[in-house]
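Descriptive analysis of the structure
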Amino acid sequence: MLKILNLEEAKKWSNENLYEADSYLFPLEEAVKCGLLMEIDKEHFAITETEFEKEV
């Protein structure tokens, strides 16, 4: 199941999850380029790399 993020959520996710995000000028664009996020349209993105946790 893909998690859909709006633009602001995608920017925040990129900053928190992209390795060395502070070294990139545009971490959101880098996350898309690296395949971590998939652009649906200019306002929505999907996380392509997820980890599933077991519910207890």
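Here is a short report on the structure shown in this document. (Residues numbered from 1 in each chain as written. Predicted model: local features only at pLDDT ≥ 70, side-chain atom pairs only at ≥ 80, totals over all residues. Heavy atoms only, no water.)

Formed by L5, L7, A10, W13, L28, A31, L37, F45 and I47, the largest nonpolar core amounts to nine residues. Listing elements by their share of this core, those giving two or more residues are α1 (7-17), α2 (27-33) and β3 (44-47). A per-element tally of this core places α1 first, with three residues. Sequence-distant contacts of I47, that is, excluding residues within four places in its chain, are made with L2, K3, L5, W13, L36 and L37. (Core = buried A, V, L, I, M, F, W, Y, C linked by side-chain atoms within 4.5 Å. Buried < 20%, exposed > 50% of the residue type's maximum accessible area, 1.4 Å probe, protein only. Helix = DSSP H or I, 4+ residues; strand = E, 2+ residues; numbered from the N terminus. Contact = heavy atoms within 4.5 Å.)

Taken together, the four bridges between strand β1 (residues 3-6) and β3 define a ladder with antiparallel strand orientation. Following the sheet pairing, K3 is matched in β3 by I47. By the bridge criterion, four bridges tie strand β2 (residues 37-41) to β3 in an arrangement that is antiparallel. Across the sheet, the residue bridging to L37 is I47, located in β3. (Pairing = 2+ DSSP bridges.)

We now examine the sheet that holds β2. If you trace the three strands from one edge of the open sheet to the other, you get β1-β3-β2, paired in antiparallel fashion. The open sheet has two edge strands, β1 and β2, and neither has a second partner. Strand-to-strand twist across the sheet, computed as the mean angle between neighbouring axes with direction ignored, equals 30°. (Axes fitted to C-alpha atoms, helices over the stretch in contact; angles between N-to-C directions.)

On inspection of all chains with the given rule, the structure shows two salt bridges. A salt bridge links K11 to E8, with the nearest nitrogen and oxygen atoms 3.9 Å apart. On the criterion of helical spacing, the pair formed by K11 and E8 is a turn pair, its members being three residues apart in helix α1. In this structure K11 comes out as partly exposed when scored by relative accessible area, which is 36%. One salt bridge connects E39 with K42, and the closest N-O pair in it is separated by 3.5 Å. On the basis of relative accessible area, K42 is assigned to the exposed category, the value being 65%. (Salt bridge = Lys/Arg side-chain N within 4 Å of Asp/Glu carboxyl O.)

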